[in-house]
Amino acid sequence: MDDSTNKPVSGPAPQGIRLTEQQLRARRSRSIAIALALGAFVIIVFLVTIVRLGGNVLTRPM
Amino acid sequence: MSVTIARVEPSIAGVGDYIELMKPRVMSLVVFTALVGMLVAPGHVNPVLGLTALICIAVGAGAAGALNMWYDADIDVRMARTAGRPIPRGRVTPGEAAGFGMTLAAFSVVTLGLLVNVIAAAMLGFTILFYVVIYTMWLKRTTPQNIVIGGAAGALPPMIGWAAATGGTIAIEPVLLFLIIFFWTPPHFWALSLYRTEDYARAGIPMLPVVAGDQATRRQILIYTLILAPLGVTPWLLGYAGPIYGVAALAVGGIMIALALRVRAERSGHTASKQMFAFSILYLFLLFATLLVDRMSGVAFGHVAA
């Protein structure tokens, strides 16, 4: 490894990734779909828990 | 020392592309046959648990579809029927499809195991593994018996539905449903491959018409249909279904044989094979729908023990 690795990089500052309009739209639709899927999963787990526990859901040691 | 960093473009894949990866039409048939397997099983299925099982089976089928599209992207691009899929079109990268498929596969199997029962989950896991590894990765590109053996994956959903409803008891009825779909698969796909032979040959897939020729395929379609049609009637003959199902199975089975005979006799063109392919989908749907109606009416009128 030579000394050049520690030298500051010259040139314009990095701009980062700029998403196009299409990429932004796609990402937003994917995010909404993931949120809906996770929400549905939470509801399913909740309902199955109630079904599995039945009336015992209200019976617990205080 | 120089390091090359590959620039990965941000994804342009929308929700529709991911839904397409899950093969929604195949998924709908899987869900329907699993639903029938679940509802014809003895005993009462809690609707919440039943719906949960069906969602897991649907997601598992979607996972298998996505993994199939990931592995087959190189041949999909060469076939007219599959060139419009999300990966060949450049909408989804192979890596995205693989990650999506594996995540869904693990999620569906674990959820089914934790929320419904372990036997059904194990069967779903086996089905996904069989479809992706045995069929897609191994048989599809090596043997004309690919869809015959691989058809087992598509035939398992009614058994998964039965296992989800009963906790995994073994019975002849779900095995019959498995056998019906198993023997339905070859005539269904070979009818399609008869008029897509050039597509399959270009992609290097050894489908029966590519390897053994047109006439051998037409003969095999007839042989499998002659096994399938009587098999379709057996749930009635063995007393698992009533006369509504029996009459319907005889009628649609008769039409399947008539179409297979027309396919066998056809010397030029593909009219008969196209009709056979289209009707085969209706055949399976009608058979399972009638079984469901027959069983539900039997339960409603007290003929069949629920």
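Computed from a prediction, not measured in an experiment: that's the story for all the values here.

Concerning the overall build of chain A
- Looking only at helices and strands, chain A features one helix and zero strands.
- Buried residues in chain A amount to 2% of all 62 residues.

Focus: the interface of chain A and chain B
- With 13 residues of chain A in contact, the opposing surface of chain B contributes twelve residues.
- The class makeup of the residues in the side of chain A that touches chain B is nine nonpolar, three polar and one charged.

Examining helix α5 (residues 94–115) of chain B
Residue and element names in this part refer to chain B.
- Here α5 contains 22 residues, and its C-alpha end-to-end distance of 31 Å stays within 8% of the 32 Å for a straight helix at 1.5 Å per residue.
- Those residues of α5 lying buried are Ala97, Phe100, Gly101, Leu104, Ala105, Ser108, Val109, Thr111, Leu112 and Leu115. Down the axis of α5, the buried set is contained in an arc of 165 degrees. They therefore lie on one face.

Observations regarding the packing of helix α3 (residues 47–71) of chain B against helix α6 (residues 118–139) of chain B
Residues and elements named next belong to chain B.
- Between α3 and α6, whose axes approach to 10 Å, the crossing angle comes to 15 degrees. Taken together, the axes of α3 and α6 lie roughly parallel to each other. Of the two possible hands of crossing, α3 and α6 adopt the one that is right-handed. Of α6, the residues touching α3 (which contributes Ala53, Cys56, Ile57, Gly60, Ala63, Ala64, Leu67, Asn68 and Tyr71) are Ala120, Leu124, Thr127, Ile128, Tyr131, Val132, Thr136 and Met137.

With respect to the domain arrangement of chain B
Residues and elements named next belong to chain B.
- When its domains are assigned, chain B resolves into domain 1 (14–169) and domain 2 (171–300).
- Relative to domain 2, the C-alpha centre of domain 1 lies at a distance of 21 Å.
- At the interface, 27 residues of domain 1 touch 25 residues of domain 2.
- Mapped by element, the contributors of at least two residues to the side of domain 1 that touches domain 2 are α2 (24–39), α7 (146–155) and α8 (157–166).
- In terms of residue class, the side of domain 1 that touches domain 2 is made up of 16 nonpolar, seven polar and four charged.

Things to note about the nonpolar core
Residue and element names in this part refer to chain B.
- Core analysis: the largest hydrophobic core is formed by 95 residues, its most contacted members being Ala53, Ile57, Ala66, Leu112, Ala120, Leu124 and Ile160.
- Among the elements that take part in this core, α3 stands out by supplying 14 residues, more than any other.
- With residues up to four places along the chain from it excluded, the contact list for Leu112 reads Ala53, Cys56, Ala120, Ala121 and Leu124.

Here's the deal with the packing of α2 of chain B against α8 of chain B
Residue and element names in this part refer to chain B.
- Running from N to C, α2 and α8 cross one another at 40 degrees; their axes reach a closest spacing of 7 Å. What the angle tells us is that α2 and α8 run oblique. When the axes of α2 and α8 are compared, the crossing they make is right-handed. In this structure, α2 uses Val30, Thr33, Ala34, Leu35, Val36, Gly37 and Met38 to contact α8, whose residues at the interface are Pro157, Pro158, Met159, Ile160, Gly161, Trp162, Ala164 and Ala165.
- Of the residues in the contact of α2 with α8, the class split is twelve nonpolar, three polar and no charged.

As for unusual backbone geometry
Residues and elements named next belong to chain B.
- With phi around 50 degrees, Lys23 is a residue other than glycine that occupies positive phi space.
- Tracing the sequence through the fold places Lys23 in the loop between α1 (15–21) and α2.
- The partly exposed category is assigned to Lys23, around which 19 C-beta atoms lie within 10 Å.

Thresholds, definitions, all that
Residues numbered from 1 in each chain as written. Chains lettered and ligands numbered in written order. Predicted model: local features only at pLDDT ≥ 70, side-chain atom pairs only at ≥ 80, totals over all residues. Helix = DSSP H or I, 4+ residues; strand = E, 2+ residues; numbered from the N terminus. Buried ≥ 20, exposed ≤ 12 C-beta atoms within 10 Å, placed from the backbone. Contact = placed C-beta atoms within 7 Å. Nonpolar A, V, L, I, M, F, W, Y, C, P; charged D, E, K, R; others polar. Expected span 1.5 Å × (residues − 1). Arc of directions from axis to C-beta. Axes fitted to C-alpha atoms, helices over the stretch in contact; angles between N-to-C directions. Parallel < 35°, antiparallel > 145°, perpendicular 65-115°, else oblique. Left-handed = near helix turned anticlockwise from the far one by under 90°. Domains from an automatic or database assignment. Core = buried A, V, L, I, M, F, W, Y, C linked by C-beta atoms within 7 Å.

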